[in-house]
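Structural overview
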Amino acid sequence: AQSVSQHNHHVILSEAASLELGCNYSYGGTVNLFWYVQYPGQHLQLLLKYFSGDPLVKGIKGFEAEFIKSKFSFNLRKPSVQWSDTAEYFCAVTASGGSYIPTFGRGTSLIVHP
Amino acid sequence: EAQVTQNPRYLITVTGKKLTVTCSQNMNHEYMSWYRQDPGLGLRQIYYSMNVEVTDKGDVPEGYKVSRKEKRNFPLILESPSPNQTSLYFCASSPPWGRGDSYEQYFGPGTRLTVT
């Protein structure tokens, strides 16, 4: 079974700072990778996803993530955060071609100070 | 509008009083699931369903029941709620495998449950 680790549980940044949130997974086969975002009081919504092809994936609101297969990583980045990026971020993985069962990381809480 | 709906959004109840949280999706998705979200623990899957009449346990199924009699609905049942089931609950659905957006989860708005 796959597992997901998000190393940063809480991140506090000032506006315009750069962001990188770590995500590592363990699974020996082909995977699909996701980042979801949960704004305060709201439900989770998809930020970006990787299925195949270019390992650098661009999502909404200026976010991007890079799939590094050799490191089993899918880190989320944004060059310049805004106060409105304050949210909880979840990394998730599913086994490609397998069951639907996704595995979520525990989440990273990001607070951006204006 | 394509969406996942949950009802109620907020519920305060007492220990032992049976309750049902409804979940419905209008996207003809085959896969549906229930999660609970607790501080520091992230999202934990309770039950999931691959299709009508097909359900299976997730990571934390104790104290919960589900049914999938229709493709669009996936209710979560707490037969005898206890205070440790106080949590934020999310329903999610996903398209069938093989479509371009396979595995992407579409989440409902959440149900905040308090059991006293």
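Here's a quick rundown of the structure. Just so it is clear, the model here is predicted, and its values are computed rather than measured.

Contacts between chain A and chain B engage 24 residues on the former and 26 residues on the latter. Here chain A and chain B share an interface that buries about 1900 Å² over both sides, 61% of which is from carbon and sulfur atoms. The tally of links from chain A across to chain B stands at one salt bridge. Between the two partners, chain A and chain B, sit three residue pairs in polar contact (both at pLDDT 80 or more). Of all elements in the fold, only β5 (31-38), β6 (45-50) and β10 (87-95) of chain A reach the threshold of two or more residues within the side of chain A that touches chain B. Class assignment of the residues belonging to the side of chain A that touches chain B gives a composition of 11 nonpolar, 10 polar and three charged.

Bringing the nonpolar core into the picture now. Counting residues in each nonpolar core, the largest one holds 28 residues, and the members touching the most others are Leu-19, Leu-33, Trp-35, Leu-48, Phe-74, Leu-76 and Tyr-89 of chain A. Those elements that place two or more of their residues in this core are β2 (10-14), β3 (19-21), β5, β6, β8 (64-68), β9 (73-78), β10 and β12 (108-113) of chain A. For Leu-48 of chain A, the residues in contact, after removing those within four places along its chain, are Leu-33, Phe-34, Trp-35, Val-57, Lys-58, Gly-59, Phe-63, Glu-64, Ala-65, Phe-74 and Leu-76 of chain A. Residues Tyr-47, Val-66, Phe-74 and Tyr-89 of chain B belong to the second largest nonpolar core, which totals 19 residues.

About the cut-offs
Residues numbered from 1 in each chain as written. Chains lettered and ligands numbered in written order. Predicted model: local features only at pLDDT ≥ 70, side-chain atom pairs only at ≥ 80, totals over all residues. Heavy atoms only, no water. Contact = heavy atoms within 4.5 Å. Buried area = accessible area lost by both parts, 1.4 Å probe. Salt bridge = Lys/Arg side-chain N within 4 Å of Asp/Glu carboxyl O. Polar contact = N/O pair within 3.5 Å; in protein donor to acceptor, adjacent residues only side chain to side chain. Helix = DSSP H or I, 4+ residues; strand = E, 2+ residues; numbered from the N terminus. Nonpolar A, V, L, I, M, F, W, Y, C, P; charged D, E, K, R; others polar. Core = buried A, V, L, I, M, F, W, Y, C linked by side-chain atoms within 4.5 Å. Buried < 20%, exposed > 50% of the residue type's maximum accessible area, 1.4 Å probe, protein only.

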